[in-house]
Amino acid sequence: MSNFKRTLITSALPYANGPVHIGHLAGVYVPADIYARYLRLKGEDVLFIGGSDEHGVPITLKAKKEGTTPQAVVDKYHGMIKDSFEKFGISFDVYSRTSAKIHHETASEIFKTLYDKGEFVEQTSEQFYDEEASQFLADRYITGTCPKCGFDKAYGDQCESCGTSLNATDLINPKSMLSGNVPVMRETKHWYLPLDRYESWLREWILEGHKEWKPNVYGQCKSWIDGGLNPRAVTRDLDWGIPVPVKGAEGKVLYVWFDAPIGYISATKELTSDWKKYWKDPESRLIHFIGKDNIVFHCIIFPVILKAEGSYILPDNVPANEFLNLEGDKISTSRNWAVWLHEYLEDFPGKEDVLKYTLTANAPETKDNDFTWKDFQTRNNSELVAILGNFVNRVLVLTNKYYEGTVPEAGSLEPQDVDALSAIGQLRIEIEKALDTFHFREALRLAMEMARLGNKYLADMEPWIVFKTNPERVKSIMHVCLQLTANLTIAFEPFLPFTMNRLRTFLNMEKLQWNELGRRDLLKSGHKVNTPELLFEKIEDEAIQRQVDKLLETKKANESAGPSTAPAKANIEYDDFAKMDIRTGTIVAAEKVAKTKKLLKLTINTGIDQRTVVSGIAEQYDPEQIIGQKVSILVNLAPKNLKGIESQGMILMAENHEGKLVFVVPADDIADGSEIR
RNA sequence: GGCGAGGUAGCUCAGUUGGUUAGAGCGCAUGAUUCAUAAUCAUGAGGUCGCGGGAUCAUGCCCCGCCCUCGCUACCA
């Protein structure tokens with residue numbers, strides 16, 4: 001680590017199809033910002049890179065849905081994201097975007113270099129093609145009937161109704177979203193990055209060379225490498241993105257995951273003409289801050305791209321965080337289950353640091369964590385207000401009261417005074433160790449320890465009592481307290497930058513470097529401090545209740561209306577219905593299908609015969625429990641082989657939007673084989 | 001089913017290469033205190049370290065099996 005001359009910090013590029021929420025902040029931007037501020041405070045050469053990821057299919061779809069252009073969509077969200085980061089105090093040296101010209105050039109160039117070096121494999125395959133729009137269709141551009149639940153607006157990659165992930169070719173009656181026509185299969189050529197060629201190199205580089213990476217990151221990489229790597233397509237048939245800079249690739253763009261990480265490079269170029277120093281000098285250290293969903297791209301794919309290119313450095317560490325949940329549920333942009341940064345900034349003006357503090361103290365560093373408004377309130381009221389704010393206030397109030405705001409002489413220090421002051425130096429060492437190893441939660445706790453120390457010192461020294469009998473002694477005590485307070489401005493600077501700025505104003509002092517932390521003479525005797533205001537204010541129950549209510553409303557909205565109830569399907573003729581032969585039946589035997597999670601092999605008495613049906617209900621029903629269960633069964637469905645078992649029919653199940661499955665049965669006792677119509 | 005990460009006090013988490021009575025913060029209880037935003041300080045209660053085996057003089061930490069949560073993946077007529 002000491003061999004490096006400079007550090008390049010990147011933070012995952014937020015996808016410009018929505019605003020930023022607390023999950024993004026806790027996982028990526030807050031830790032990255034703390035790290036960047038810390039290194040800057042140490043006087044190191046550091047760049048902190050960010051930007052919006054603006055390509056990819058979801059953005060084109062969003063544009064279509066809103067009746068606008070992809071560029072308009074990304075302009076809107078890029079502006080919003082950039083603005084809220086700035087207000088929140090994420091201290092990017094540059095915040096760029098992947099639709100920028102310089103990025104298109106950079107990504108093209110890198111692709112071209114790999115192409116010329118013969119690093120790609122060309123492969124032709126069949127894909128859906130819309131003849132009217134004369135273009136190939138990404139999975140997301142195809143809708144059709146979900147083969148599982150019958151929902152008729154399922155996408156080519158996933159059914160939004162039942163959550164099943166699909167292949168476009170699975171869809172019944174596939175339709176192009178562009179023209180509404182039935183797509184045809186047509187051959188298309190794509191370029192693949194042969195990850196398999198780099199398997200042994202990756203093994204060496206990560207598994208041997210980076211054992212210090214976090215367990216979640218290392219484990220995930222090991223899993224991928226051990227599982228065997230396959231070539232990955234890095235081009236797509238799409239008209240939104242960076243054109244593939246090769247002859248015969250008209251109408252094709254770079255896969256969004258090929259171009260997005262290159263955005264780190266383009267952003268650096270945009271910032272400084274000196275960018276090569278950061279990207280190509282082995283004495284530069286590259287750190288990627290990301291969430292766990294991005295591990296494979298930053299640890300496997302992007303490094304392979306850089307390695308194949310040949311002239312770039314590779315990440316030295318990738319401190320990926322787990323996920324943050326919100327009030328017990330997964331954060332979800334589409335379900336609006338989130339605390340949006342831009343809304344927080346409006347609802348809690350001037351409390352940027354409170355959110356930073358809470359998210360850091362409760363960061364999902366080792367496992368998924370839960371954000372609750374109650375916890376947010378507690379952390380503010382009983383930590384920021386009660387420990388840190390209170391100590392600062394006590395010191396400044398006493399200083400103004402006794403000395404009209406002038407720092408008193410140190411006088412002769414007692415052992416306790418010296419202990420208190422030297423504890424700062426000790427804490428500094430521990431904080432550095434925590435920050436250097438990306439343990440931000442621990443680092444923050446240690447900084448807080450410094451304020452606790454102050455409160456304890458005050459309680460032990462009782463200057464308000466000693467003042468009556470020995471005012472000379474109180475000067476020493478208050479001198480120590482003021483030095484402690486001044487040190488806080490350094491220790492907390494990476495975590496609470498806005499607040500420390502205010503505290504420095506109270507103390508009437510300049511911003512100091514990290515290496516001053518631990519000094520006992522940050523404020524000279526005779527120095528004048530200002531009358532303090534409160535550093536933090538209590539957050540009352542009502543403010544918290546408002547936020548909780550807001551979430552409850554979201555929950556209600558999701559439950560009642562919303563996309564949960566699938567819309568009615570298109571009308572059919574009676575004949576279509578009459579073709580179906582649905583009977584009552586009884587389950588006479590049931591067993592789990594080996595090596596599957598959802599499948600049960602059922603033996604059904606249909607009245608006509610006994611037959612085998614494979615059904616995906618194992619997660620909700622135990623085999624023993626459902627023997628004797630009455631069912632409705634579609635008996636004339638064409639048989640299908642599943643996991644080597646022939647399924648001769650289909651059990652009817654009612655399913656709600658949460659995926660809960662319930663048997664559809666006759667309301668009264670009736671013989672097996674009775675027709676349902 | 002396969003792979004990965006977790007399962008430690010009511011809550012959120014630390015626990016270094018196995019070594020004396022398992023730690024911290026919050027919350028709770030009791031006491032002290034009043035300079036301070038009813039803030040602070042002290043003390044205390046609270047844990048068969050997911051469950052069951054095993055190796056060891058010794059294990060939260062090692063080995064085997066199982067259970068639960070999260071993620072990736074397969075499957076979902």
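Residues numbered from 1 in each chain as written. Chains lettered and ligands numbered in written order. Predicted model: local features only at pLDDT ≥ 70, side-chain atom pairs only at ≥ 80, totals over all residues. Heavy atoms only, no water.

A. Representation of the overall build of chain A in the model. Across its full length, chain A carries 19 helices and 27 strands. A separation threshold of at least 6 residues defines the contact pool for chain A, and within that pool the share at least 24 residues apart is 73%. Accessible surface, chain A as shown: approximately 31000 Å² in total, 49% of it carbon and sulfur. (Helix = DSSP H or I, 4+ residues; strand = E, 2+ residues; numbered from the N terminus. Contact = heavy atoms within 4.5 Å. Areas by Shrake-Rupley, 256 points an atom, 1.4 Å probe, with all protein chains shown as cover.)

B. Region of interest: unusual backbone geometry. Backbone geometry places Glu404, a non-glycine residue, at a positive phi of 50°. Counting through the fold element by element, Glu404 comes out in the loop between helix H12 (373-403) and helix H13 (415-436). Judged by its relative accessible area of 62%, Glu404 falls in the exposed class. Of note in this structure, Asn508 is not a glycine but carries a positive phi near 60°. Assignment of secondary structure puts Asn508 in the loop between helix H17 (497-507) and helix H18 (541-559). Its relative accessible area of 41% is what places Asn508 among the partly exposed residues. (Buried < 20%, exposed > 50% of the residue type's maximum accessible area, 1.4 Å probe, protein only.)

C. Spotlight on the environment of Ile645. Locating Ile645 in the fold gives a position in strand E23 (residues 645-647). As for Ile645 and Leu314, which are separated by 331 residues in sequence, their C-alpha atoms are 48 Å apart. The residues contacting Ile645, other than those within four sequence positions of it, are Val593, Lys601, Thr612, Val614 and Lys640.

D. Up close: the protein's contact with RNA strand B. What surrounds RNA strand B is a group of 52 residues, the closest being Ser223, Lys330, Asn369, Arg394 and Arg441. The sugar-phosphate share of atoms of RNA strand B within 4 Å of the protein amounts to 77%. Between RNA strand B and the protein, one listed contact pairs a sugar or linking oxygen with a side-chain N or O atom of Ser382 at 3.4 Å. Ser647 places a polar side-chain atom, nitrogen or oxygen, 2.6 Å from a sugar or linking oxygen of RNA strand B. Taken together, the elements giving at least two residues each to the surface near RNA strand B come down to helix H6 (215-226), H12, helix H14 (440-461), strand E20 (610-615) and strand E22 (640-642). With eleven residues, H12 is the largest single contributor of residues to the surface near RNA strand B. Considered class by class, the residues forming the surface near RNA strand B number 16 nonpolar, 18 polar and 18 charged. (Near = heavy atom within 4 Å. Polar contact = N/O pair within 3.5 Å; in protein donor to acceptor, adjacent residues only side chain to side chain. Nonpolar A, V, L, I, M, F, W, Y, C, P; charged D, E, K, R; others polar.)

E. Just the sheet that holds strand E2 (residues 45-52), in detail. In space, the five strands of this open sheet follow the order E3-E2-E1-E13-E14, with parallel pairing throughout. Looking at strand neighbours, the two that pair on one side only are strand E3 (94-97) and strand E14 (315-317), the edges of this open sheet. The average undirected angle you get between the axes of adjacent strands in this sheet is 35°. With five bridges connecting them, strand E1 (residues 6-11) and E2 associate as parallel partners. For Ile9, the partnering residue across the bridge sits in E2 and is Phe48. (Pairing = 2+ DSSP bridges. Axes fitted to C-alpha atoms, helices over the stretch in contact; angles between N-to-C directions.)

F. Spotlight on the sheet that holds strand E17 (residues 369-371). Judged by pairing direction, the sheet is mixed, and its three strands sit side by side in the order E16-E15-E17 without closing on themselves. What marks the edges here is a single partner per strand, and that holds for strand E16 (329-330) and E17.

G. Spatial organisation of the environment of Tyr402. Counting through the fold element by element, Tyr402 comes out in helix H12. Under the relative-accessibility criterion, Tyr402 is labelled buried at 17%. Residues Tyr402 and Pro58, spaced 344 residues apart in sequence, show a C-alpha to C-alpha distance of 64 Å. Apart from residues lying up to four places away in sequence, Tyr402 is in contact with Pro463, Trp464, Phe467 and Val474.

H. The packing of helix H11 (residues 352-361) against H17, seen in detail. Where H11 contacts H17, the axes come no closer than 7 Å and their chain directions differ by 125°. It follows that H11 is oblique to H17 by the angle criterion. On H17, the residues that touch Glu352, Asp353 and Lys356 of H11 are Pro497, Phe498 and Thr499. In the contact of H11 with H17, the residues fall into two nonpolar, one polar and three charged. (Parallel < 35°, antiparallel > 145°, perpendicular 65-115°, else oblique.)

I. The arrangement of the side chain of Thr235 in detail. As for its placement among the helices and strands, Thr235 is situated in strand E11 (residues 235-237). Among the polar contacts listed, one links the side chain of Thr235 to the side chain of His190, at a separation of 2.7 Å. Within the structure, Thr235 has its side chain in polar contact with the backbone nitrogen of Trp191 (distance 3.2 Å). Among residues more than four places away in sequence, those in contact with Thr235 are Phe111, His190, Trp191, Val244, Val253, Leu254 and Tyr255.

Just geometry here; none of it tells us what the structure is for.
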